[in-house]
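Overview (structure and organization)
Each chain, written out:
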Amino acid sequence: MHKESATNPINTMKRIMTILTVVPFFVSTVAFAQADVAGIVSEIQGNPNDLESIVAMAVADNPNQAFEIVGGALEALPHQADRIVGASIAGLQDKTPENVREIVRLAVIANPAGADDIHNAAGAAAPQQTAAIEEGLIAGMESAGPRPRQPGPAAPVSPEVFSPEELERDWPLADQYLVEGRLAEGIAALQARLEEAPADDQARFGLGVMQFLHGVERLGNSLHRYGSGGGTLAREMQMLPILRMPVPLNPEPETIDVEAFRAIFQQFHDDLAAAEATLAGIESDDVQLPLRFGRIQLNLMGPEGHERQPLWRIYSQITGMQVREPEAQQFVIDFDIGDAYWLRGYCNLLMATQQMVLAHELDEIFERTAHLLFPDVDTPHTFLLERTADAGEFGGFDILPILDGIAMIHLLNLPVAEPERMQAALAHFENVIELSRTSWEHILAEEDNRNEWIPNPNQTGVLPGVEVTSEMVAGWMQFLDELESILAGDTLAPFWRTGRENVGINIRRVFTEPTPLDIVLWIQGTAATPYLEEGKVTEPDFWWRLQETFNGQFIAYAIWLN
C-alpha cells in the first residue's frame, strides 16, 4: 500500500537499500567510552518511541555520567520526565538510595506538575527504594517551588473522579473493567453475563474489545518478561512492529529461546482469534458500546503488582504524538456495529502478520542474532552475550553491532517450515477486505453523530482535525477492489527489473506457492522469478490518484480506516 511500491518500485528499492545500510551504524550510536551527551539527547528527541531504550543503554554504558545524561534528557523533554526516570533507574548499575533520590529530584525539578507520574515510574523501576523516591520528590518540589501538580491520579481511575455528566451515563460493564485495568476479571464477568443472557450483544461487543486489548496486554507482558528493548539493537529499528511496543525495560529478564520466541507470536494470534470469534457473534445492527477510551488502563509489565499505564500514553509513545492527560481523560467513543466490523478487520490483519512469521524457520537467525533484540538469549554462540568494554573496539569505535547487523541481513533467508500458514495469512488478508466493505456499509447508513470513531462524510469524528469526505470513501472502495484483484492474482504487482508493462508479480502465488523468504534476493529481483507472469499490472496512475484523494496521506488513512 505504500506509495513508492505501487507507483515507483525503483524508489522503494533505493529506500530499502538505504535502510539496510543505515541500520548497522545506528545501533552503535550510544555506545562510547565517553558519552556524547548532546548526541544522546539529540537521538532521544529524534526517536521518542525508543526513549526508554536509548536512556537506559546510555546510563548503563556511562555510569559516571548518568546524572549528566539524565539532566540533558530532562531539559530537552521535561514532559517525558516519568519515562526518563523509569528508564534511567532501570539502566543504573548501582541502584543506591543516593542515586535513585538524585534522579527523582532532577525529574521533579524539570516537571513538578508530573510528580505523580514520576513517583509511579520510579516506584516501578526501583520498588525497594520507596524512602529514597519520597525524599527525591520532596527535595525536587522544594527546589522547584510551588507549582500546580498534574491533575488526576496515574493509578487506575475510580468512579468518584468522573464528572456529574459521566456519572449520569449508563456505562456498560466492559467500560468499568477497562477503566480500572482489570481485563482478565472483566473477561470472566462478561462471559458469565453472556451465559445468563446470550442475546446481550453489548456484552458480547465489550467482551470482544476486552479480549483484543487483553491480547495486547499479554503481548506486552511476554516482551517485558524477556527484556525486549534491552538488546543491542534500538527498538525503533526492529523489523517486526510488535517488538517495538513501548514496554518498560526489565532489569532482570528471563532467558528466551526460539520456542519461547515463537510462542509470543502464537499467543498473540490466538488472543486475536478469540476476540474476532466473539465479535463475529454480534447479531444486532443497533448495538452500541460507549467507552471512556482515554481512561482505559493496561499492564504491559505483569505479573500482578506492577503499575498499569493509560492506553492513551501507550498510544502516544508508539506514535510519537503528544497527548495531554486532561484531553485524554475526556476522550469518549460510542462504538457501533460498523466499528465492530472494523475491529474484526484489524484482528484479521494482525493475525495475518503472525501467520507469516510463524510460517518460516527461525532457529538459525534467532540463535545468531536474537541478542540484538533481547539481553539474555539461549544460543550456542554464548560469546555474543559477552559485553566487555574493549570487545570489538576498532579505533575507538565498536564494530560488533555492525557485524551483527550484517549477519541479520545475511540470515534473512528463511526457509518455509509451515506453508499452510502462508495460505492462512492470505485468507486473513481477504477477510480484511470483506470486513472493511461491510463496515463501511454500516458507517454510511448511520444518521446519528455522537462520538464517532470513524465518521461518514455527514458526521464529525472524535479525532480532531480529521475528516472523511465522499471522495475519500469512493477512493477507499476503489482501493479495496484493486487490492482484492491483486490478492486474487487477477491483477499483478509491478516488477521493477523489466521494462515490459505487461509483466508483473502474482502476489497470490507468493502465498499459495511459498519459497524461502530471502530479503536480499527480493531486493535484487531474482526471488520474484517464480511468480512473474504476463497480464494486467496495477496502474501507477491509480495509486497517484489515491494519494491525491487522501491529500498525500493515504498510508495514514489506511492504517486508521482499515
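Residues numbered from 1 in each chain as written. Predicted model: local features only at pLDDT ≥ 70, side-chain atom pairs only at ≥ 80, totals over all residues. Heavy atoms only, no water.

This brings us to the side chain of Arg421. Checked against the element boundaries, Arg421 lands in helix H20 (residues 419–445). Under the relative-accessibility criterion, Arg421 is labelled buried at 15%. When neighbours within four sequence positions are excluded, Arg421 is seen to be in contact with Gln266, Gln355, Leu358 and Ala359. (Helix = DSSP H or I, 4+ residues; strand = E, 2+ residues; numbered from the N terminus. Buried < 20%, exposed > 50% of the residue type's maximum accessible area, 1.4 Å probe, protein only. Contact = heavy atoms within 4.5 Å.)

All right, on to the sheet that holds strand S9 (residues 503–505) then. The sheet built from three strands is open, its strands ordered S8-S9-S11 with antiparallel pairing. A strand with exactly one partner marks an edge of an open sheet, and here the two such strands are strand S8 (493–494) and strand S11 (532–534). Here three bridges tie S9 to S11, and the two strands are oriented antiparallel to one another. Looking at the pairing, Ile505 lines up with Leu532 of S11. (Pairing = 2+ DSSP bridges.)

Two measures describe an aromatic ring pair: the distance that separates the ring centres and the angle between the ring planes. Under the counting rule described, the total for this entry stands at 18 aromatic pairs. Taking 5.2 Å as the distance between ring centres and 85 degrees as the angle between the ring planes, the aromatic pair formed by Phe542 and Trp543 counts as edge-to-face. Classification of Trp543 by relative accessible area gives buried; the value is 7%. Taking the centre distance of 5.4 Å and the plane angle of 65 degrees together, the rings of Phe550 and Phe554 count as edge-to-face. Taken as a pair, Phe550 and Phe554 share a single burial class, namely buried. Every member of this aromatic cluster is reached through a ring pair, and the members are Trp342, Tyr346, Trp453, Trp476, Phe479, Phe542, Trp543, Phe550, Phe554, Tyr557 and Trp560. Stacked on the ring of Trp496, the Lys or Arg Arg497 has its end atom at 5.6 Å from the ring centre. (Phe/Tyr/Trp six-rings, centres within 6.5 Å; stacked < 30°, edge-to-face > 60°. Lys NZ or Arg CZ within 6 Å of the ring centre and 35° of its normal.)

Okay, the packing of H20 against helix H21 (residues 470–488) next. Running from N to C, H20 and H21 cross one another at 160 degrees; their axes reach a closest spacing of 10 Å. Classified by the angle their axes make, H20 and H21 are roughly antiparallel. Classified by chirality, the crossing of H21 by H20 is left-handed. Across from Leu426, Phe429, Glu430, Ile433, Ser436, Arg437, Trp440 and Leu444 in H20, the residues of H21 making contact are Val473, Trp476, Met477, Leu480, Asp481, Leu483, Glu484 and Leu487. (Axes fitted to C-alpha atoms, helices over the stretch in contact; angles between N-to-C directions. Parallel < 35°, antiparallel > 145°, perpendicular 65-115°, else oblique. Left-handed = near helix turned anticlockwise from the far one by under 90°.)

A few words now on the pattern of salt bridges. Note that side chains of opposite charge can pair when their charged atoms are close. The final tally for this structure, using the stated rule, is 22 salt bridges. Measuring nitrogen to oxygen at the nearest pair gives 2.8 Å for the salt bridge that ties Glu276 to Arg344. Note that Glu276 is positioned in helix H14 (residues 258–280) and Arg344 in helix H17 (residues 337–358), a separation of 68 residues in sequence. Of the residues examined, Arg344 reaches a relative accessible area of 16% and is grouped as buried. Among the ionic contacts, a cluster of salt bridges with common partners joins Glu434, Arg437, Asp481 and Glu484. (Salt bridge = Lys/Arg side-chain N within 4 Å of Asp/Glu carboxyl O.)

Mean pLDDT over the protein stands at 83; residues scoring 70 or higher make up 82%. Ignoring residues within four places in sequence, the model shows residues 1–35, a span with pLDDT below 50, making 65 contacts including any to other chains. Segment residues 146–164: pLDDT under 50, and 40 contacts once partners within four positions in sequence are set aside and those in other chains are kept. (pLDDT = per-residue confidence, 0-100.)

Among the nonpolar cores identified, the biggest contains 95 residues, and Phe205, Leu213, Ile256 and Trp476 are the most heavily contacted of them. Among the elements that line this core, the one with the most residues is H17, at eleven residues. Look past the residues within four positions of Ile256 in its chain and what remains in contact with it is Tyr226, Phe261, Ile264, Phe366, Phe374, Asp376, Val377 and Asp378. Counting 37 residues, the second largest nonpolar core, distinct from the first, contains Val37, Leu74, Ile89 and Leu137. (Core = buried A, V, L, I, M, F, W, Y, C linked by side-chain atoms within 4.5 Å.)

What follows deals with the side chain of Gln459. Looking at the secondary structure, you find Gln459 in the loop between H20 and H21. Relative accessible area serves as the criterion here: at 10%, Gln459 is assigned to the buried category. Of note is the side chain of Gln459, whose polar atom sits 3.3 Å from the side chain of Glu452. Non-local contacts of Gln459, meaning those with residues more than four positions away in its chain, are made with Ile443, Glu446, Asp448, Asn449, Glu452 and Ile454. (Polar contact = N/O pair within 3.5 Å; in protein donor to acceptor, adjacent residues only side chain to side chain.)

What follows is about the pairing of strand S4 (residues 333–336). Side chains of S4 alternate between two faces, with Ile333 and Phe335 and Asp334 and Asp336 buried alike. Examined bridge by bridge, strand S1 (residues 288–291) and S4 share four bridges and lie antiparallel to one another. In the strand pairing of S4, Leu291 is matched with Ile333.

Counted residue by residue, helix H6 (residues 81–91) has eleven buried out of eleven residues, so it is predominantly covered. Buried residues of H6: Ala81, Asp82, Arg83, Ile84, Val85, Gly86, Ala87, Ser88, Ile89, Ala90 and Gly91, and no others.

Quick look at the packing of H21 against helix H24 (residues 540–549) now. Running from N to C, H21 and H24 cross one another at 150 degrees; their axes reach a closest spacing of 10 Å. The angle between H21 and H24 places the two elements in the roughly antiparallel class. Both H21 and H24 take part in a crossing whose hand is left-handed. Taken together, the residues of H24 that come into contact with H21 (itself represented by Glu471, Met472, Gly475, Gln478, Phe479, Glu482 and Ile486) are Phe542, Trp543, Leu546 and Thr549. When the residues that make up the contact of H21 with H24 are grouped by side-chain class, the tally is six nonpolar, three polar and two charged. (Nonpolar A, V, L, I, M, F, W, Y, C, P; charged D, E, K, R; others polar.)

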